[in-house]
Protein chains: 2
Amino acid sequence: MDKLSKCEANYVPLSPLTFLKRAAAVYGNRTSIIYEGTRFNWLQTYDRCRRLASSLRSLNMPKHGVVSVLAPNIPAMYEMHFAVPMAEAVLNTINVRLDAKNVASILRHSEAKVFFVDCQYVQLAREALKLYFVEDTDAAGPRVILIDDIDSPTGIRFGEFEYEQFVQMGDPRFLPEEIHDEWDPITLNYTSGTTSAPKGVVYSHRGAYLSTLSLILGWEMGSAPVYLWSLPMFHCNGWTFTWGVAARAYDMYRNISQHRVTHMCCAPIVFNILLQAKPEERKEIASPVQILTGGAPPPASLLEEIELLGFHVTHAYGLTEATGPALVCEWQSSWNQLPKPDQAKLKARQGISILTLADVDVKNLDTMSSVPRDGKTMGEIVLRGSSIMKGYLKNEEATSQSFKNGWFRTGDVGVIHPDGYLEIKDRSKDVIISGGENISSVELENVLFRHPRVLEAAVVAMPHPQWGESPCAFISVKTNSAGKTDDVNEADILSYCRENLSRFMVPKKVVILPELPKTATGKIQKFQLRALAKNFAVSKDHNAQSRAQILAMSRL
Amino acid sequence: MDKLSKCEANYVPLSPLTFLKRAAAVYGNRTSIIYEGTRFNWLQTYDRCRRLASSLRSLNMPKHGVVSVLAPNIPAMYEMHFAVPMAEAVLNTINVRLDAKNVASILRHSEAKVFFVDCQYVQLAREALKLYFVEDTDAAGPRVILIDDIDSPTGIRFGEFEYEQFVQMGDPRFLPEEIHDEWDPITLNYTSGTTSAPKGVVYSHRGAYLSTLSLILGWEMGSAPVYLWSLPMFHCNGWTFTWGVAARAYDMYRNISQHRVTHMCCAPIVFNILLQAKPEERKEIASPVQILTGGAPPPASLLEEIELLGFHVTHAYGLTEATGPALVCEWQSSWNQLPKPDQAKLKARQGISILTLADVDVKNLDTMSSVPRDGKTMGEIVLRGSSIMKGYLKNEEATSQSFKNGWFRTGDVGVIHPDGYLEIKDRSKDVIISGGENISSVELENVLFRHPRVLEAAVVAMPHPQWGESPCAFISVKTNSAGKTDDVNEADILSYCRENLSRFMVPKKVVILPELPKTATGKIQKFQLRALAKNFAVSKDHNAQSRAQILAMSRL
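Per an unreviewed UniProt entry, chain A goes by Acyl-activating enzyme 11 and derives from Citrus sinensis.

Draft legend 1. Fine view of the overall build of chain A. Per the secondary structure count, chain A includes 16 helices and 27 strands. Taken over 556 residues, chain A has a buried fraction of 60%. For chain A, the proportion of contacts with a sequence separation of at least 24, taken over those separated by at least 6, is 67%. With the model as given, the accessible surface of chain A reaches about 23,100 Å², and the carbon-plus-sulfur share is 50%.

Draft legend 2. Main features of the packing of aromatic side chains. Residues and elements named next belong to chain A. One pass over the structure, following the stated rule, counts 22 aromatic pairs over all chains. A network of ring pairs unites the aromatic residues Phe-116, Phe-161, Tyr-163 and Phe-166 as a single cluster. For the cation-ring pair, Lys-199 lies above Tyr-392, with the distance from its terminal atom to the ring centre recorded as 5.1 Å.

Draft legend 3. Structural detail: the side chain of Glu-456 of chain A. Residues and elements named next belong to chain A. Within the secondary structure layout, Glu-456 lies in strand 25 (residues 454-464). At 3.0 Å, the side chain of Glu-456 forms a polar contact with the backbone nitrogen of Leu-516. When near neighbours in sequence (up to four residues on either side) are disregarded, Glu-456 contacts Ile-269, Phe-449, Phe-474, Ile-475, Ser-476, Glu-515, Leu-516 and Lys-518.

Draft legend 4. Structural context of the interface of chain B and chain A. Taken residue by residue, the interface counts 65 residues in chain B and 66 residues in chain A. For the chain B and chain A pair, buried surface summed over both sides reaches about 5,400 Å², with 55% attributable to carbon and sulfur atoms. Here Arg-206 of chain B and Glu-182 of chain A are joined by a salt bridge, their closest N and O atoms 2.8 Å apart. Seen at the junction of chain B and chain A, the total is 30 residue pairs in polar contact (both at pLDDT 80 or more). Those elements giving two or more residues to the side of chain B that touches chain A turn out to be helix 1 (17-26), helix 7 (205-218), strand 15 (352-353), strand 18 (379-384), strand 19 (391-392) and strand 21 (407-416) of chain B. Class assignment for the residues of the side of chain B that touches chain A results in 35 nonpolar, 14 polar and 16 charged.

Draft legend 5. Here's a closer look at the domain arrangement of chain A. Residue and element names in this part refer to chain A. Domain boundaries assigned for chain A yield domain 1 (17-199), domain 2 (219-355), domain 3 (356-429) and domain 4 (432-553). In this complex, domain 1 contributes eleven residues to the contact, which on the side of domain 3 involves seven residues. If you look at where domain 1 meets domain 3, you find one salt bridge. We note a salt bridge from Glu-111 to Lys-394, for which the minimum N-O separation is 2.7 Å. The interface formed by domain 1 and domain 3 contains three residue pairs in polar contact (both at pLDDT 80 or more). Put simply, the parts of the chain that give the side of domain 1 that touches domain 3 at least two residues each are helix 4 (100-110) and strand 8 (185-190). Here the residues of the side of domain 1 that touches domain 3 sort into four nonpolar, three polar and four charged.

Draft legend 6. Spatial organisation of the relation of the copies chain B and chain A. For the pair chain B and chain A, the best superposition has an RMSD of 0.1 Å and corresponds to a rotation of 180° with a translation of 0.0 Å parallel to the axis. On this basis, the relationship between the two copies can be described by a two-fold rotation axis. The share of interface residues of chain B whose copies in chain A are also at the interface is 98%, consistent with both copies meeting through the same surface.

Draft legend 7. Looking closely at the side chain of Lys-425 of chain B. All names here are of chain B. Locating Lys-425 in the fold gives a position in strand 22 (residues 422-427). Of note is the side chain of Lys-425, whose polar atom sits 3.3 Å from the side chain of Glu-443. Lys-425 has contacts with Met-378, Val-413, Gly-414, Val-415, Ser-440, Ser-441, Val-442 and Glu-443, leaving out every residue within four places of it along the chain.

How each quantity is defined
Residues numbered from 1 in each chain as written. Chains lettered and ligands numbered in written order. Predicted model: local features only at pLDDT ≥ 70, side-chain atom pairs only at ≥ 80, totals over all residues. Heavy atoms only, no water. Helix = DSSP H or I, 4+ residues; strand = E, 2+ residues; numbered from the N terminus. Buried < 20%, exposed > 50% of the residue type's maximum accessible area, 1.4 Å probe, protein only. Contact = heavy atoms within 4.5 Å. Areas by Shrake-Rupley, 256 points an atom, 1.4 Å probe, with all protein chains shown as cover. Phe/Tyr/Trp six-rings, centres within 6.5 Å; stacked < 30°, edge-to-face > 60°. Lys NZ or Arg CZ within 6 Å of the ring centre and 35° of its normal. Polar contact = N/O pair within 3.5 Å; in protein donor to acceptor, adjacent residues only side chain to side chain. Buried area = accessible area lost by both parts, 1.4 Å probe. Salt bridge = Lys/Arg side-chain N within 4 Å of Asp/Glu carboxyl O. Nonpolar A, V, L, I, M, F, W, Y, C, P; charged D, E, K, R; others polar. Domains from an automatic or database assignment. Least-squares fit on C-alpha atoms with pLDDT ≥ 70 in both.

Here you go:
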């Protein structure tokens, strides 16, 4: 039995590139991309990707050389997800909200050989390249290709080629080399760096393939979905949803209605945008739109409201290092009988492992033992499976720290409920330890979100002379019918907290800001809030609140 | 980038065993199995499989030793699909319709170490073991374990243990060894041998895993299906559907109604059983039942009728060597506008590749070039992908013949339509070559099936002095309202053929049999019909028809 050997017919390396080839063969005439007035079908997309891959090959890049892209959700961005690996290169999509310094450091760290720049981001790219060459004047630097808008060309030019010209130069008969090893790298995604310097997460063809299957399976996407790209593609191999480009309420409603969108992905924060749209911005949602959400634990109250609008939400949990979703809160039909608020609470849990993940657990990392399924005992969420990243590029220390005893450490603290569903209680570094009690900042934030006037909420640890740490809450407030926010104050929120929380969990301080500080990917920057909170703890100066507002605003 | 290495956290061998562990963790309390009055949930099934695996391990089998099973669709059969590989053994399910000689030769060829026998098949097993020892008196032989009926115990005993006792002996805390190589064998399935000696097809963990994902994806099974085991599990890693055990019309209707079945698999021949059920055997189909069908090209007329009953049919094509389905006739919504007969014709095509298959093509095997997408040019259907079998056990010649130039040869002749959908025209050996024209037996059979009185039809080549070969049709006939079949004769069918077929395709002979001869798996034995057809060609004796009936009946 052990004599039967692998051959090309029975052992084909797993790669998402096979999906495009298949789509061209069997859905050739179906629409692949709609971008304003521009439409492609799968045959055209396959043809364009092959041309682009052939042009990239003509640049004589080394195998697994990095191709960086600075672009929003445009057709070129989609095409590069296939064309770049077809050319045996590695795709690196860069967050367009980063500053020039960060973009330059990614170009250097990844040793990018080619740099695609959308016409909208020429200024940012120019500055980044300047910084790049300041640091290393001898460097060859990446070859630069400008992407003009395919639907409304601007005429802007930058670098050696224009994208469309570069595509047309290519050979439509180009046949990509077969992937010989499914462990080969396919993409490189930098983490947003909420806590430390950005790390370059490398995915394999195998991981990307399996993760794709899980996602379409777990979400029951069917064979003919209409997908709205509300999640920026520079996170499309990743997970960190944000409100990004397509998140103007009017554009979203217009696209949903015009193209009969069936599926979209977004962060819970996008729910606010959809809910707060003005009447003239709205269109009726004729048939239910499936939303996959994640990136931050969605407040149950928000889930309840968005479903009333005609969206059907599936809540998932993942991270860049897990090639996207790792857990999904799969709905149990028996929950349909429960009152709506209870349903929303159940849906706010992170859920169960996706099908292609080999295992998930919540462990005490000191003993590596699993926590009991009691919904209370906290531990760190750990994962195993072939869709976990290969590792961090040129960062052995971070790579070895994140893999412990055969598990990947998520850095998230959670519990397992008796029904096997996981719930995140916090990032491990965000847990507040007050007088020996662990306080989950997420739990506290959920209570704050249930207050009718709270728009955003984040709770961090504040040093406390007696308890070691105590919770400090930062919120922003919804406008009232008169368009004002100044009718809510700290005392109102504190008294609401006292009514709804155990005494030891009540924040010692509530700070109201016009908007909470966020990273380029839309994550609240708790490290900034922690820095602010220290001021309150030390100075006990009530004027600090106004200073805090100014500090925070300067980051927005 | 190439320094990033595999570890236990990011490279987990693919194996369907992970599905059971996950089901126990996340669907623990959901029903796993219903068998008459016996019910298990996933926690219990996982527990029972671990016990069984632990008991098997205590028998000190060699790694990858074969465990053979002779049983119908009972809970034990399902449990062994997980427990046997958990014990690092290889599962071999034997078709219960084989005779003792064939069973003995499978036990010998596979070198089975353990032999599970259902109480219903003790006599067959006893005879097979006798033959086994006659051939090799020194052989140790497999250890025998009897499976009594779990729902209504018979008290019958045979061999060393009884299954339930053997399960209970096991350790419920048994942790199976991790699979270290996904290329390891998981099951061994013998082909039915319509044309040659049965061959032992070996699957890998990887292949079984990927094939499972494709199937649930392609069929859109969702996360909570209710599946009726109408397909014998001794083909459950395989594909050859038959009417088997659950195919009594009354039992099928009763189970569908009682358990709200959502999904089932069966051969097109089962449609006849469902359609011809007497009124008292029927129950109303309250909500649509999804049927996955295959094993033989389904006549379009039959597809049309079964859908009217409330079944929704998906047509797939596969073979044992492809770990089941390889193509699926994915429905295009634009087809809903077409008249029903056109819809049925489209659905009768074999379709497009399943998602995890790397590639499918129709090729001229001499030149290895693809046929044009014209729906006319015939070639052999070839497949590539990780769900193709490892090879045939101890049969290097057959293995190397079936793999050609990096492709697996299906032995089926087909065409590609302009829309990319494949359609089988014949088994390569069943094509009739008449005066230099290729005649597809399947095409001819489809026309015969459209005759209102034809129940079964098979067309084979008959030697012809002038044309080399000519078509000879064998049919069986539906009863008329008086319960008779003798009001249809050869002349009626011939005149119908002349009206509906090109002249060169009209059969030179039509033979009416009470039932067509079939293999143990329900496939029509064309080699027998070919032998019969020779008599007609040579003797031109009209009395041959009655002799033929007797010959055929002796096999039923």
